[in-house]
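Here is what each chain is made of, one letter per residue.
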Amino acid sequence: MSPRKSRPGTAVDWLTRARGDLAIATAPLPAGAFLEDLCFHAQQAAEKALKAVSIHNGIAFRYTHDLDELIIDLKKTGIEIPPDIERATVLTVFAWEARYPGTGEPVTGDEYTEAVIMAQSVVEWVEAILKTG
């Protein structure tokens, strides 16, 4: 496990980057690209949004793509995680496994749609936190 480092940027900076990844995830699939590529950006949107919550609350985190680890860190400090946000941990598979040939089955249209919905839920949850906190 690598040591925790100081984080560049503010919570708003991270949320802005999360929104950027969500925009890419919801863009039309370019010729020659794969749904796995768009799902990677859905995962990145959720990851960066969760890291925005950590920064907002002064919680250190590792540079990791593991959404479950990020959520566990938030829960350890007493932050309540809604069930739909916890379910988004399944997006972690899109950070690496789905991006490389031969490591998984091709992503279906339904799986892509579900990934985007989950990422949108995480980003919206974080937007609400940063608005009220």
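For the structure, see preceding data.
Below is a short write-up of the structure. Each chain carries its own residue numbering, running from 1 in the direction its sequence is written. Residue-level local features of this predicted model are given only where pLDDT is at least 70; pairs of side-chain atoms are given and counted only at 80 or more, and the full residue set underlies all totals for whole chains, interfaces and linings. In computing side-chain values, all of the structure's heavy atoms are included and hydrogens and water are not.

## Focus on the packing of aromatic side chains
- Each aromatic pair joins two rings of Phe, Tyr and Trp (for Trp, the six-membered one) with centres within 6.5 Å, and gets the label stacked for planes under 30 degrees apart, edge-to-face for over 60, and tilted for any other angle. In the structure shown here, the tally under the stated rule is two aromatic pairs.
- With centroids separated by 5.7 Å and ring planes inclined at 85 degrees, the aromatic side chains of Trp 14 and Phe 61 adopt a geometry described as edge-to-face. With Trp 14 in helix 1 (residues 11–25) and Phe 61 in the loop between helix 2 (35–56) and helix 3 (67–76), this pair connects stretches of sequence that are 47 residues apart. Just as Trp 14 is buried, Phe 61 falls in that class too.
- Taking the relative accessible area as the measure of exposure, Phe 61 reaches 0% and is therefore buried.
- Among the aromatic side chains, those forming a connected cluster through ring pairs are Trp 14, Phe 61 and Tyr 63. In DSSP terms, a helix is any run of H or I states spanning at least four residues, a strand is any run of E spanning at least two, and both are numbered starting from the N terminus. The buried label applies to any residue whose accessible area, calculated with a 1.4 Å probe on protein chains only, is under 20% of its type's maximum; exposed applies above 50%, and partly exposed to all values in between.

## Some words on the side chain of Thr 64
- Relative to the helices and strands, Thr 64 is located in the loop between helix 2 and helix 3.
- Between N or O atoms, a polar contact is any pair within 3.5 Å; within protein, one atom must be a potential hydrogen donor and the other a potential acceptor, and residues adjacent in sequence are included only when both atoms are from side chains. Within polar-contact distance, the side chain of Thr 64 engages the backbone nitrogen of Asp 66 at 3.0 Å.
- Should any heavy atoms of two residues lie within 4.5 Å, those residues are considered in contact. Residues within four places of Thr 64 in sequence aside, it is in contact with Glu 47, Lys 51, Glu 69 and Leu 70.

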